[in-house]
Amino acid sequence: MAQRVNEVMTPVPVAVSPDTTLVTVSDLMRRHGIGDVLVVHEGRLRGLVTDRDIVVRAVAVQKDVGNTTVGDICSTNMVTVAPEQDADEAVRLMRRHAVRRLPVVDGDRPIGMVSIGDLAVQRDERSALADISAEPPNT
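The shown structure was predicted, so the numbers you read here are calculated from the model rather than taken from an experiment.

### Overview of the overall build of the protein
Looking only at helices and strands, the protein features seven helices and six strands. Looking at the protein residue by residue over its 139 residues, the buried ones come to 39%. Restricting to contacts in the protein with at least 6 residues of sequence separation, those with at least 24 account for 55%. Split by element, the accessible area of the protein, about 8300 Å² in all, is 48% carbon and sulfur.

Structure, rendered in structure tokens:
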């Protein structure tokens, strides 16, 4: 039987407002052991910021991370998935768009996050990616 996205997603993802500083969002990532945070304004998904975004779009170009906000550097052209969609469709979207994670939205309101690691753990728990994804973060 096919799995739906809401069966494999991580519910209640960490989210911040667009005016959150990079220092603050980096600390949230460290404390939660995650590499991505949703950017939400008035309950609606507005962007996604990753640890890589912070490095490439801020640190590498010497932006002041204490004053730069996630709204300044986050990705706003996101691929999303609905909770009732088939998990195979999430995999196809990740492949087609070369992304590792998809916000799960109900309309434009975020309700979860599904990552390539989530899918690996659910679909082939003996794979190397599943093993790596199941390990606690190294903070």
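### Points about the packing of helix α2 (residues 22–32) against helix α3 (residues 51–59)
In contact at an axis separation of 10 Å, α2 and α3 are set at 150 degrees when each is read in the N-to-C sense. In terms of orientation, α2 and α3 fall into the roughly antiparallel class. By crossing handedness, the relation of α2 to α3 is classed as left-handed. Only Asp 51, Ile 54 and Ala 58 of α3 make contact with α2, whose side of the interface consists of Leu 22, Val 25, Ser 26 and Met 29. Its residues placed into classes, the contact of α2 with α3 shows five nonpolar, one polar and one charged.

### Quick word on the sheet that holds strand β6 (residues 109–115)
Overall, antiparallel pairing links the three strands, which are arranged β1-β6-β5 in an open sheet. Of all the strands in the sheet, the pair left with one neighbour each is β1 (10–11) and β5 (101–106). As paired strands, β1 and β6 are joined by two bridges and run antiparallel to one another. Its bridge partner being in β6, Thr 10 is matched across the sheet by Met 113.

### Section: the pairing of β6
Along any regular strand the residues' side chains alternate between the sheet's two faces. Looking at chain direction, β5 and β6 are connected through six bridges and run antiparallel. Residue Pro 103 lies in a different strand from β6, and its bridge partner there is Met 113. With antiparallel pairing between neighbouring strands as the criterion, β5 and β6 make up a hairpin whose turn holds two residues, including Gly 107 at a positive phi of roughly 75 degrees.

### Quick notes on the environment of Val 105
Examined against the element boundaries, Val 105 turns out to sit in strand β5. Since its relative accessible area comes to 8%, Val 105 is described here as buried. Between the C-alpha atom of Val 105 and that of Pro 83, which follows or precedes it by 22 residues, the distance is 6.8 Å.

### Observations concerning the sheet that holds strand β4 (residues 44–50)
Overall, mixed pairing links the three strands, which are arranged β2-β3-β4 in an open sheet. Here the strands that pair on one side only, and so sit at the sheet edges, are β2 (15–16) and β4. In this sheet, β4 lies alongside strand β3 (residues 36–41) in antiparallel orientation, the contact comprising six bridges. Opposite Val 40, over in β4, you have Leu 45 as the bridge partner.

Procedures and definitions
- Residues numbered from 1 in each chain as written.
- Predicted model: local features only at pLDDT ≥ 70, side-chain atom pairs only at ≥ 80, totals over all residues.
- Heavy atoms only, no water.
- Helix = DSSP H or I, 4+ residues; strand = E, 2+ residues; numbered from the N terminus.
- Buried < 20%, exposed > 50% of the residue type's maximum accessible area, 1.4 Å probe, protein only.
- Contact = heavy atoms within 4.5 Å.
- Areas by Shrake-Rupley, 256 points an atom, 1.4 Å probe, with all protein chains shown as cover.
- Axes fitted to C-alpha atoms, helices over the stretch in contact; angles between N-to-C directions.
- Parallel < 35°, antiparallel > 145°, perpendicular 65-115°, else oblique.
- Left-handed = near helix turned anticlockwise from the far one by under 90°.
- Nonpolar A, V, L, I, M, F, W, Y, C, P; charged D, E, K, R; others polar.
- Pairing = 2+ DSSP bridges.

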